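# Commentary on secondary and tertiary structure
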Amino acid sequence: MLFDKTGTLTKGEYGVTNIISIKTENEDYVLLLAASVDNESEHSISRALVKKAKDKKLKLFEVKNFQRLAGIGVKGKIKENTILVGGERILKEIKTDLPNNIKSEIKKLAKQGKTIIYIIENKKIIGVIALSDIIREESRDAIKKLNDMGFKTAMVTGDSEEVARFVSQELGIDKYFARIMPDEKLNIVKELQKENKKIAFVGDGINDAPALTQADLGIAIGSGTNVAIESAGIILVKNDPRDIVKIIKLSQLTYSKMIQNLFWASGYNIVAIPLAGGILYSQGILLQPALAAIFMSVSTVIVAFNAILLKNRAL
């Protein structure tokens, strides 16, 4: 059972917890640059940055040449200055290194499961912002029940190794894949399938659509994007991962009812058809058409009643 992290196992509702200014600029300036560039993005992290700036009543800068860097961050120009905002991958765009005291602070925040965003102005880091994504309480129960049922659980995320490790340990997930680019989710599903494993993928975003299609079973969160919903085989109405456990139980109970009804239907035919054909005619036993019709009706009623009993089973 392979889960996307943000918006699936977590609420996807980020909040700014720490702002670190590296240069002489104050924290508000660092936040203002980040929020201004991210104002054009619909990502949950971007929305959190913009919300924090608005809460502090900061007036956003006008941004030109806005670009989304898939799986990396965003880019734009403010007053002729090139601004980059994104995760660890965005550091490849610069040559300067972080001061040791800032590195230790970032490491400390990352161990707390926080997402680290870097703000770069003209190829120089001017600040760091830490955000926290809330883990769904329902996720803990869902993962525990899936593990108890014998499922192997895994998580895929574009976040750092530290964040992925923290969330996995918190939820009891067996395996995680960190720093994953959007197009790499599909490859992870394919690699797991090469190990002769049946893969169910649970996601909610546009980037999850290829993985949802490739997986043996695609499960989309109901509040997810239309593309994800169209790509999945099952759509959860609520944003509750525990419903995945209910899906499995329902499928198992349905399969059980199918076998039971197959027994009742085939059992009737195995006995009744030879009798109607006269196999015991020499013994004076022959199934009359009227009696055969009654037996057929009884068989149908038994099968229908047995199926209805499924609604009384607790999931």
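Everything discussed here concerns the structure shown above.
Residues numbered from 1 in each chain as written. Predicted model: local features only at pLDDT ≥ 70, side-chain atom pairs only at ≥ 80, totals over all residues. Heavy atoms only, no water.

All right, on to the overall build of the protein chain then. Along the backbone of the protein chain there are 11 helices and 12 strands. In terms of overall size, the protein chain is more extended than a compact globule, its C-alpha atoms giving a radius of gyration of 28 Å where 315 residues would be expected to give roughly 20 Å. The buried share of the protein chain, reckoned over its 315 residues, is 42%. Long-range contacts, defined here as pairs at least 24 residues apart, represent 58% of the contacts in the protein chain between residues at least 6 apart. As presented, the protein chain carries roughly 17500 Å² of accessible surface, and 54% of it is formed by carbon and sulfur atoms. (Helix = DSSP H or I, 4+ residues; strand = E, 2+ residues; numbered from the N terminus. Rg over C-alpha atoms; globule rule 2.2 N^0.38 Å. Buried < 20%, exposed > 50% of the residue type's maximum accessible area, 1.4 Å probe, protein only. Contact = heavy atoms within 4.5 Å. Areas by Shrake-Rupley, 256 points an atom, 1.4 Å probe, with all protein chains shown as cover.)

Ordered in space as β9-β8-β1-β10-β11-β12, the six strands form an open sheet in which the pairing is parallel. Each of the sheet's edge strands pairs with one partner strand only, and the pair in question is β9 (175-177) and β12 (234-236). When strand polarity is set aside, the average angle formed by the axes of neighbouring strands in this sheet is 20°. Sheet analysis places strand β1 (residues 2-4) next to strand β10 (residues 200-203), joined by two bridges and oriented parallel. When the bridges of β10 are listed, Leu2 appears paired with Phe201. Lying over the sheet, helix α7 (residues 184-194) contacts β1, β8 (154-156), β9 and β10, oriented at roughly 170° with respect to β1. (Pairing = 2+ DSSP bridges. Axes fitted to C-alpha atoms, helices over the stretch in contact; angles between N-to-C directions.)

Another aspect to go through is the pairing of strand β6 (residues 115-121). Of all seven residues that make up β6, seven are buried, and the element is covered over most of its length. In the sheet, strand β5 (residues 81-86) pairs with β6 via four bridges, with the strands oriented antiparallel. In the sheet register, Ile83 faces β6, and the bridge partner there is Glu121. Sheet topology note: the β6/strand β7 (residues 124-135) ladder contains seven bridges and is antiparallel. When the sheet's bridge partners are listed, Ile120 is paired in β7 with Ile125. In this structure, the hairpin formed by β6 and β7 is closed by a connection of two residues, where Asn122 is found at a positive phi of approximately 50°.

Running from amino to carboxyl end, helix α5 (residues 137-148) crosses helix α10 (residues 242-276) at an angle of 35°, the nearest separation of the two axes being 7 Å. Only Arg242, Val245 and Ile248 of α10 make contact with α5, whose side of the interface consists of Glu138, Asp141, Ala142, Lys145 and Leu146.

Next up on the list: the environment of Lys75. Within the element layout of this structure, Lys75 appears in strand β4 (residues 73-78). The residues contacting Lys75, other than those within four sequence positions of it, are Val37, Asn65, Phe66, Gln67, Leu69, Thr82, Ile83 and Leu84.

This part is about unusual backbone geometry. We note that Asn65 has phi near 55°; this positive angle belongs to a residue other than glycine. Along the chain, Asn65 turns up in strand β3 (residues 64-69). Overall, the relative accessible area of 59% leaves Asn65 in the exposed class. For Lys123, which is not a glycine, the phi torsion comes out positive at approximately 65°. Looking at the element boundaries, Lys123 is found in the loop between β6 and β7.

Of all hydrophobic cores here, the largest spans 25 residues; its most connected members are Leu31, Leu49, Val85, Ile119, Ile129 and Leu131. Mapped by element, the contributors of at least two residues to this core are β2 (10-21), α2 (27-38), α3 (44-55), β4, β5, β6 and β7. It is α2 that contributes the most residues to this core, seven residues altogether. Ignoring any residue separated from it by four or fewer positions in sequence, one finds Leu131 in contact with Tyr14, Gly15, Val16, Thr17, Ile45, Ala48, Leu49, Lys114, Thr115 and Ile117. Of all hydrophobic cores here, the second largest spans 22 residues; its members include Ile135, Leu146, Ala164 and Ile219. (Core = buried A, V, L, I, M, F, W, Y, C linked by side-chain atoms within 4.5 Å.)

Turning to the pattern of salt bridges, a few remarks are in order. A full pass over the atoms with the stated rule returns 16 salt bridges. With its nearest N and O atoms 3.1 Å apart, the salt bridge here joins Asp55 to Lys51. Here Lys51 and Asp55 lie together in helix α3, a separation of four residues that amounts to about one turn. For Lys51, a relative accessible area of 53% translates into the label exposed. A salt bridge links Arg165 to Glu161, with the shortest nitrogen-to-oxygen separation between them at 3.9 Å. Placement of both Arg165 and Glu161 in helix α6 (residues 161-171) is noted, with a separation of four residues, approximately one turn of the helix. Through salt bridges with shared partners, a single network forms among Asp4, Lys185 and Asp208. (Salt bridge = Lys/Arg side-chain N within 4 Å of Asp/Glu carboxyl O.)

The next point concerns the environment of Gly277. Structurally, Gly277 can be placed in the loop between α10 and α11 (289-308). Between the C-alpha atoms of Gly277 and Phe61, which are 216 residues apart in sequence, the distance is 88 Å.

All right, on to the sheet that holds β2 then. The sheet built from six strands is open, its strands ordered β2-β7-β6-β5-β4-β3 with antiparallel pairing. The outermost strands of the open sheet, each flanked by one partner alone, are β2 and β3. Geometrically, the sheet is characterised by an average inter-axis angle of 20° between neighbouring strands, direction not taken into account. Of the strand pairs in this sheet, β4 and β5 are connected by six bridges, and their pairing is antiparallel. Looking at the pairing, Lys77 lines up with Thr82 of β5.

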